[in-house]
Amino acid sequence: MNTHYLVAVSGTPLPALTYASDLMLAAGTRVLVPLGKRQLVGVVLAAIEAPTDAEYAVKSIISALDDAPLWQESELKLLAWCAGYYHADWGRLLETALPPQLRLSKQPTRPAKPLKAPELGQAALVKLNAEQQHASDKIADSFGSFKAWLLMGVTGSGKTEVYAQLINQTLQQEKQVLMLLPEIGLTAPMVSRLAQRLNTEPVLLHSERTNSQRAQVWQLTRQGHPLLLIGTRSAIFAPLPKLGLIIVDEEHDSAYKQQDSIRYHARDVALMRAKQQACPIVLGSATPSLESLANVDQGKLHLLTLTQRANQQILPTMLTIDMRQQKLDGALSPQLLSAVERTLAEQGQVLLFLNRRGYSPVLMCHDCGHTLDCPACEVPYTFHRHAPNLRCHHCGKVEQAPAQCPSCGSSHWHLVGQGTQKVEEALQQHFPTTPVLRVDRDSTQGKDKLNHLFAQIRAGDPCIILGTQMLAKGHDFAGIALVGIIDVDSALFARDFRSLERLAQLVIQVSGRAGRGSQRGQVLLQTHQPHHDFVQSLLTKPYAEIAQQLLKERSDTQLPPFSFSAWLLAEGKHLDRVQAQLEKLLPLCQHTKVQVAGPMPALMHKRQYHYRELLWLQSEQRAALHTTIDNLLAFLQQPEGKVTGVRVFLDVDPQDMP
Ligand code: ADP
Ligand code: ZN
Ligand code: ZN
């Protein structure tokens with residue numbers, strides 16, 4: 001007796017397909033199915049009635065790959081929600097969600113050894129203070145049902161200890177915990193702290209794990225043993241049949257947003273997952289996203305705050321350095337240099353932040369003004385100190401800098417602007433006996449380099465730490481007495497409507513690194529705009545107030561989170577075709593409740609020889625936006641809707657302009 005099944009098939013852009021089998025297969029089981037000449041891995045979505053008017057003969061499932069379903073019903077529902085919300089086909093969704101090994105049609109000849117479930121020891125928890133206890137009790141009251149919490153606690157307020165309490169209680173109830181972090185490499189100390197407190201080994205899932213390790217982790221978590229799974233973005237899809245709690249730490253971090261293929265936001269998927277699996281979810285941050293704060297105002301998230309630093313330290317003082325008319329040594333003002341000198345003399349550590357890696361962002365001919373550009377992207381190469389000197393930060397192309405200007409033959413070069421390498425050089429000249437530790441993507445390539453740098457910082461000797469974005473995330477460095485933000489101004493004038501929100505988060509997160517030890521820390525902001533309203537707010541207001549001010553502006557201008565947005569990006573070698581593609585789509589947006597801007601050039605208008613133009617879609621009604629996107633994508637599938645040589649990408653709830 002054959003049963004018919006609806007099967008989602010990986011590696012095809014097709015909708016779910018119908019197959020037959022004489023096996024009894026539960027939804028969520030992986031199967032091997034034929035498609036054309038290929039054999040592909042699919043996932044059973046449901047048993048269905050035999051189709052009566054099949055145009056094609058229904059093919060048979062070749063074999064079942066799991067004895068028990070990989071995902072349970074509620075997890076399949078989550079995937080179906082993702083497919084709908086991000087307008088993705090099942091094939092691509094499975095490619096995003098399933099670890100590579102679990103979608104191989106040929107099973108590995110030597111399957112990985114099953115992992116043992118971690119043992120649960122006796123947890124050794126600190127005593128919580130009153131605020132922490134209150135937060136922990138409230139959240140614990142919601143165990144067993146869906147409730148979404150925002151835990152807003154200043155840096156150093158002891159959010160991690162609250163997590164540890166809740167994780168422990170969940171494990172005691174023989175349930176599973178999923179904890180998401182923006183980036184694992186940077187938070188290794190937090191993982192080891194949790195392991196130590198809870199006296200159990202967390203199971204880890206992140207980009208540094210091999211394919212077979214990922215498959216092993218999935219095979220373990222699907223069995224439902226009580227455990228703590230800590231992972232980055234894609235861990236949100238891991239099977240956890242006994243899920244009892246989700247924690248999303250540093251929820252404001254844009255690393256939760258996938259930037260290619262299906263551009264899902266792991267925090268948003270996590271909220272939906274908690275709902276499907278009826279468990280509480282905690283979003284934690286010192287600087288919550290405006291989206292989450294708006295959700296608090298709407299009653300969708302429940303706010304808990306930690307206002308005190310757990311070890312009674314006072315937050316650092318914050319001052320601006322007026323850069324106008326200053327005699328600058330590179331990017332560094334005399335005031336900043338003397339503050340660094342003073343701090344080092346007092347045996348303190350200094351952290352300087354500059355979000356631009358490389359030596360200099362532009363290499364220009366001093367005689368004729370010619371710039372050396374990446375031919376594929378038509379933007380200046382970033383100059384790097386080591387060969388190959390010219391590196392494109394957009395497409396990765398590298399070249400050796402020519403000795404002479406290709407335009408006029410001059411050999412006088414002029415470097416415009418400064419990156420971390422140049423500032424590092426200036427610091428080494430000023431402080432020849434002090435170690436300067438540069439922390440950016442170039443200096444941390446290679447295994448353990450970052451851990452090595454962090455160990456050096458934790459050793460506590462006076463040093464200058466100079467770094468990019470990487471430094472802004474949850475590290476607990478006790479010895480940092482001075483934080484300097486080298487360039488505030490570029491964010492004040494950025495085109496992206498989120499740039500002020502990001503600047504506030506960054507300044508507060510980086511400042512949170514100061515003065516965790518025994519002394520009060522100091523934060524200095526270098527700016528040519530010391531009287532700018534927003535700079536003044538940064539100095540005088542707590543994050544919650546700054547965020548309310550930004551929310552008001554977003555509300556006045558009807559920008560997210562007060563409207564719903566998406567962009568469609570068209571990419572191709574011929575600009576006229578790229579534009580023609582978007583022009584074709586425009587009429588479909590008329591007479592809808594969706595506002596459209598474009599076609600307009602993307603911020604990165606050319607990348608790897610491809611032109612990029614976009615349509616920005618925005619609506620006060622989420623449903624209207626999604627209906628319009630459905631119509632646009634359906635039209636693109638039609639021969640008359642598509643322009644050849646152009647590819648179209650979609651981002652729902654974009655975090656960045658492409
Ligand atoms: P956050 O994650 O909010 O930045 P942490 O959890 O890292 O803060 O806590 C900051 C510091 O305070 C850590 O060194 C931690 O051990 C300490 N701490 C946290 N809670 C308490 C408490 N209740 N009593 C004493 N120290 C605490
Ligand atoms: Zn020249
Ligand atoms: Zn390039």
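This one's a predicted model, so the numbers in the text were calculated from it and none came from an experiment.

Colleague: Any chance you could explain the sheet that holds strand β3 (residues 30–35) here in plain terms?
Modeller: Backbone hydrogen bonds are what pair the strands of a sheet, in a parallel or an antiparallel way. Taken in spatial order, the six strands line up as β5-β2-β1-β4-β3-β6 in an open sheet, and their pairing is mixed. Each edge of the sheet is formed by a strand with only one pairing partner; in this case those strands are β5 (59–60) and β6 (63–64). The sheet contact formed by β3 and β6 spans two bridges and is antiparallel. In the sheet register, V31 faces β6, and the bridge partner there is A64.

Colleague: Help me understand the side chain of Q101, please; the structure alone is not making it clear to me.
Modeller: Mapping Q101 onto the fold places it in the loop between α2 (90–97) and α3 (130–141). What makes Q101 buried here is its relative accessible area of 18%. Here Q101 is in contact with P108, N211, S212 and A215, once residues within four sequence places are set aside.

Colleague: Just checking my understanding: could you explain the domain arrangement of the chain for this structure?
Modeller: Interface size is commonly expressed as the accessible area that is lost once the parts come together. Under the domain assignment, the chain is made up of domain 1 (3–103), domain 2 (130–306), domain 3 (317–358 + 419–555) and domain 4 (564–652). Look at where the C-alpha atoms of domain 1 and domain 2 centre, and you get two points 29 Å apart. With 25 residues of domain 1 in contact, the opposing surface of domain 2 contributes 24 residues. The tally of links between domain 1 and domain 2 comes to two salt bridges. Applying the counting rule to domain 1 against domain 2 returns eight residue pairs in polar contact (both at pLDDT 80 or more). The set of elements that each furnish at least two residues to the side of domain 1 that touches domain 2 consists of α1 (73–85) and α2.

Colleague: Is there a simple way to think about the site of ligand 1 in this case?
Modeller: Ligand 1 sits among 18 residues. The nearest are K127, Q132, G156, K159 and R193. A distance of 2.8 Å separates a nitrogen atom of ligand 1 from a polar side-chain atom of Q132. Note that an oxygen atom of ligand 1 is positioned 2.8 Å from one of the backbone N or O atoms of G156. The protein chains hide 76% of the 560 Å² of surface that ligand 1 would expose on its own. Contributions of two or more residues to the shell around ligand 1 are made by α4 (159–172) and α5 (188–198). In terms of residue class, the shell around ligand 1 is built from three nonpolar, eight polar and seven charged.

Colleague: What exactly am I supposed to notice about the sheet that holds strand β17 (residues 382–383) here?
Modeller: Spatially, β17-β18-β19 is the arrangement adopted by the three strands of the open sheet, whose pairing is antiparallel. Where the open sheet ends on each side, the last strands, each with one partner, are β17 and β19 (398–399). Pairing between β17 and strand β18 (residues 390–391): two bridges, direction antiparallel. Its bridge partner lying in β18, T382 is registered against R391.

Colleague: How do you make sense of the packing of α3 against α4 when you look at a structure like this?
Modeller: When two helices pack together, their arrangement is given by the angle between the helix axes and by the axis-to-axis distance. Running from N to C, α3 and α4 point in directions that differ by 35°, and their axes come no closer than 9 Å. In this structure, α3 meets α4 at a crossing whose hand is right-handed. Counting all contacts with α3, which are made through Q132, S136, I139 and A140, the residues of α4 involved are E161, V162, Q165, L166 and Q169.

Analysis parameters
In every chain, residue numbers begin from 1 and rise along the written sequence. Chains carry letters from A onward and ligands carry numbers from 1 onward, assigned in written order. Given that this is a predicted model, residues contribute local features only at a pLDDT of at least 70 and side-chain atom pairs are listed and counted only at 80 or more, while totals for whole chains, interfaces and linings are drawn from all residues. Computation of side-chain values: all heavy atoms of the structure, hydrogens and water removed. DSSP calls a pair of strands paired once it identifies at least 2 bridges connecting them. Segments assigned H or I by DSSP are reported as helices when at least four residues long, segments assigned E as strands when at least two residues long, and all are numbered from the N terminus. Each residue gets one of three labels from its accessible area relative to the maximum for its type: buried under 20%, exposed over 50%, partly exposed in between, using a 1.4 Å probe on protein chains only. For this analysis, residues touch if any pair of their heavy atoms sits within 4.5 Å. Start and end points for every domain follow an automatic or database-based domain assignment. When a carboxyl oxygen of Asp or Glu lies within 4 Å of a side-chain nitrogen of Lys or Arg, that pair is called a salt bridge. The definition of a polar contact used here is a pair of N or O atoms within 3.5 Å, where within protein one atom must be able to donate a hydrogen and the other to accept one, and adjacent residues in sequence count solely through side-chain atom pairs. Put simply, a residue is near a molecule or strand once any heavy atom of it comes within 4 Å of that molecule or strand. All accessible-area figures derive from a Shrake-Rupley calculation using a 1.4 Å probe, and residue coverage is judged against the displayed protein chains alone. Any residue that is not Ala, Val, Leu, Ile, Met, Phe, Trp, Tyr, Cys, Pro, Asp, Glu, Lys or Arg is counted as polar, Gly included; the first ten are nonpolar and the last four charged. All axes are obtained by fitting lines to C-alpha atoms, using only the stretch in contact for helices, and the reported angles, taken between N-to-C directions, cover 0 to 180 degrees. By the definition used in this description, the sense in which the near helix is turned from the far one sets the handedness, with an anticlockwise turn below a right angle giving left-handed and a clockwise turn giving right-handed.

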